[in-house]
Amino acid sequence: MACTSTGIDERIIEWKEGNYANGCEFPGNDLTQIQSRGEECGSLCDRRYECTHYTWYPVNNGTCFLKTGPVRRSNAIPTQDLSMSCGLTNSNIKDQNDI
C-alpha cells in the first residue's frame, strides 16, 4: 500500500479466483441490500438476473449490496477496511484484461 501526498490510498486490489477481492468496494449502482455473511454475497448476486457486481460491508452483522450495470475490476476502489469485499458475477467480466 502506498499513500500519495494527498493521502489517497493506492493499494493494489488483489483479485482472487471467483472474481472477488478483499478491501475494496464498488460505489453506486445499488440494486438492493441484504443482511448476509461475506462468503454468501457473491452467490446472492449470482441468483439475481439483474445483479452484475456487489460490495459486502461488515456493518449490521454483514450487509451485501447487490449492484447492477456495466462494471470492470478496474472500477473497484480500495478501502482501508480489509474485511470488506467486492466482486463481479462471472458473466459480467467485460474484457480479457479484467480476468
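Structure report, in brief. What you see is a predicted model; the values in this text were computed from it and never measured. Every chain's residues receive numbers from 1 upward, in the order its sequence appears when written. Per-residue local features of the predicted model are confined to residues with pLDDT of at least 70, and side-chain atom pairs are confined, for both listing and counting, to 80 or more; whole-chain, interface and lining totals are unaffected and use all residues. No hydrogens and no water enter the side-chain calculation; it runs on all heavy atoms of the structure.

1. Regarding unusual backbone geometry
(1) Moving on: The phi torsion at Asn-19 lies on the positive side, around 60°, for a residue other than glycine.
(2) Moving on: Numbering of helices and strands starts at the N terminus; helices are DSSP runs of H or I of at least 4 residues and strands are runs of E of at least 2. In this structure, Asn-19 sits in the segment before strand 1 (20-22).
(3) Moving on: Only protein chains enter the accessibility calculation, which uses a 1.4 Å probe; a residue whose area is less than 20% of its type maximum is buried, one above 50% is exposed, and one in between is partly exposed. Judged by relative accessible area, which is 9%, Asn-19 ranks as buried.
(4) Moving on: One non-glycine residue with positive phi stands out, namely Asn-60, at about 55°.
(5) Moving on: Among the structural elements, Asn-60 can be located in the loop between strand 4 (53-57) and strand 5 (63-67).
(6) Moving on: Its relative accessible area of 61% is what places Asn-60 among the exposed residues.

2. Quick word on the state of the cysteines
(1) Moving on: The rule for a disulfide is simple: a pair of cysteine sulfur atoms within 2.5 Å. Within the structure shown, the criterion is met by 3 disulfides.
(2) Moving on: Note that Cys-24 is cross-linked by a disulfide to Cys-86, the S-S spacing being 1.9 Å. Across the S-S bond linking Cys-24 and Cys-86, the dihedral sits near -110°, which makes this disulfide left-handed. A residue pair is termed long-range when its members are at least 10 positions apart, and Cys-24 in strand 2 (residues 24-25) and Cys-86 in strand 7 (residues 85-88) qualify at 62 residues. Comparing Cys-24 with Cys-86 shows no difference in burial state: the two are buried.
(3) Moving on: Sequence-ordered numbering of the disulfide-bonded cysteines in the protein gives the connectivity 1-6, 2-5, 3-4.

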